[in-house]
Amino acid sequence: MKIGVFDSGVGGLSVLKALYEARLFEEVVYYGDTARVPYGVKDKDTIIKFCLEALEFFKNIKIDMLIIACNTASAYALDILRSKANFPIYGVIDAGVEATKREILDKNKEILVIATKATIKSKEYELRLKKEGFKNVKALATGLFVPMVEEEIFEGEFLQSAFNYYFKGLQSPDALILACTHFPLLAKSLSEYFGAKTKLIHSGDAIVNFLKTHSQLKSLKTKAKLEFYASSDVQSLKNTAKIWLGLNTKDIQ
Ligand code: DGL
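Residues numbered from 1 in each chain as written. Predicted model: local features only at pLDDT ≥ 70, side-chain atom pairs only at ≥ 80, totals over all residues. Heavy atoms only, no water.

Caption draft 1: Representation of the site of the ligand within the structure. Looking at the ligand, there are 13 residues lining it, with Ser8, Tyr39, Gly40, Thr72 and Thr181 nearest. Measuring from an oxygen atom of the ligand, one finds a backbone N or O atom of Gly40 at 2.8 Å. Note that an oxygen atom of the ligand is positioned 2.6 Å from one of the side-chain N or O atoms of Thr72. Considered on its own, the ligand offers 300 Å² of accessible surface; in the complex 99% of this is hidden by protein. Here the shell around the ligand is composed, by residue class, of five nonpolar, seven polar and one charged. (Near = heavy atom within 4 Å. Polar contact = N/O pair within 3.5 Å; in protein donor to acceptor, adjacent residues only side chain to side chain. Areas by Shrake-Rupley, 256 points an atom, 1.4 Å probe, with all protein chains shown as cover. Nonpolar A, V, L, I, M, F, W, Y, C, P; charged D, E, K, R; others polar.)

Caption draft 2: Structural view of the side chain of Asn71. Examined against the element boundaries, Asn71 turns out to sit in helix α3 (residues 71-83). Polar side-chain contacts of Asn71 include one of 2.5 Å to the side chain of Tyr125. When neighbours within four sequence positions are excluded, Asn71 is seen to be in contact with Val92, Ile93, Thr119, Tyr125, Ala179, Cys180, Thr181 and Ser203. (Helix = DSSP H or I, 4+ residues; strand = E, 2+ residues; numbered from the N terminus. Contact = heavy atoms within 4.5 Å.)

Caption draft 3: Structural view of the UniProt feature "binding site: substrate" (unreviewed entry) in the chain. With numbering matched to this structure, UniProt assigns "binding site: substrate" (unreviewed entry) to Asp7, Ser8, Tyr39, Gly40, Asn71, Thr72, Thr181 and His182. The greatest C-alpha distance among the residues just named is 12.5 Å, despite their covering 176 residues of sequence, which places them together in space. Within the secondary structure, Tyr39 is located in the loop between β2 (27-32) and α2 (44-59). By relative accessible area, Tyr39 is classed as buried at 2%. Ignoring any residue separated from it by four or fewer positions in sequence, one finds Tyr39 in contact with Phe6, Ser8, Asp33, Ile47, Phe50, Cys51, Thr72 and Ala118. By the secondary structure assignment, Thr181 is in the loop between β7 (175-178) and α9 (187-194). The class for Thr181 is buried, based on a relative accessible area of 5%. Each residue touching Thr181, except ones within four places of it in the same chain, is listed here: Asp7, Gly11, Gly12, Ser14, Val15, Ala69, Cys70 and Asn71. (UniProt positions renumbered as here; feature names shortened; annotations may be inferred. Buried < 20%, exposed > 50% of the residue type's maximum accessible area, 1.4 Å probe, protein only.)

Caption draft 4: Quick peek at the environment of Arg36. Following the sequence through the fold, Arg36 ends up in the loop between β2 and α2. Taking relative accessible area as the criterion, Arg36 reaches 24% and is therefore assigned partly exposed. The sequence separation of Arg36 and Ile153 amounts to 117 residues, and the corresponding C-alpha distance is 22 Å. Among all residues touching Arg36, those that are not within four sequence positions of it are Lys42, Phe50, Glu53 and Ser231.

Caption draft 5: Focus on the pattern of salt bridges. Summed over the entire model, instances satisfying the criterion amount to 15 salt bridges. A salt bridge links Lys2 to Glu27; the nearest nitrogen and oxygen atoms lie 3.9 Å apart. Within this pair, whereas Lys2 is found in strand β1 (residues 2-7), its partner Glu27 is found in strand β2, the two being separated by 25 residues in sequence. The class of Glu27 is partly exposed, set by a relative accessible area of 25%. Note that Lys197 is salt-bridged to Asp174, the shortest N-O span being 4.0 Å. Of this pair, Lys197 sits in the loop between α9 and β8 (199-202) while Asp174 is found in the loop between α8 (157-167) and β7, placing the two residues 23 residues apart along the sequence. Owing to a relative accessible area of 48%, Lys197 belongs among the partly exposed residues under this scheme. Each of the salt bridges in this network shares a partner with another, and the network as a whole consists of Lys2, Glu27, Lys225 and Glu227. (Salt bridge = Lys/Arg side-chain N within 4 Å of Asp/Glu carboxyl O.)

See below:
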């Protein structure tokens, strides 16, 4: 099976990594809209317009399924993308909500969603989690983490002051939903900050489990053939993919 993975930029590589390691597909085509990232500070109409343009790219290369790795795109564009495609499209929000339900059985536990400004504004996670019966859901836009990850700031004093800026006065939640492609790269530092009580929910692991539950996909013996495309500077995307996914040059198209 050949699938597409779409993200606003390089961040979706954190989701691709989980998919790649789960060996669910023969071929994966990743497209990052690196020329127009970040989506998380843009308005709904712009996000939808960019996502529809990305869909045209995927329509031209014949894929069997599309995964929207970007939380911001999943929050605003999933329904419209589905209405215009003749292949299945999965976003990361359904998967994240399902993962939270699986990990947190007591609906009174505290859930904190962190994401871009646009994802938080959409209220998609909050509403869906509340619909599932979770009574204590907080959602916080922590957009500064996106450029920090792109600057490869994964730990240290600067990150700690960003944590203090956003999380000051908050109790450690029972679950922290990393509702942005970039945030899994801060997982270690976030775990240290909040302590062992807090379970982290990662979009990549969540989508792998979601696909295993909702489709007939089984793990394959070999890893997928990967192809990378970007709206600008594909070489830099490939370099980041090599580092984040631990790839060799021969693994990359
Ligand atoms: N990929 C985006 C997300 O998961 C983060 C980067 C952006 O703002 O475009 O929400």
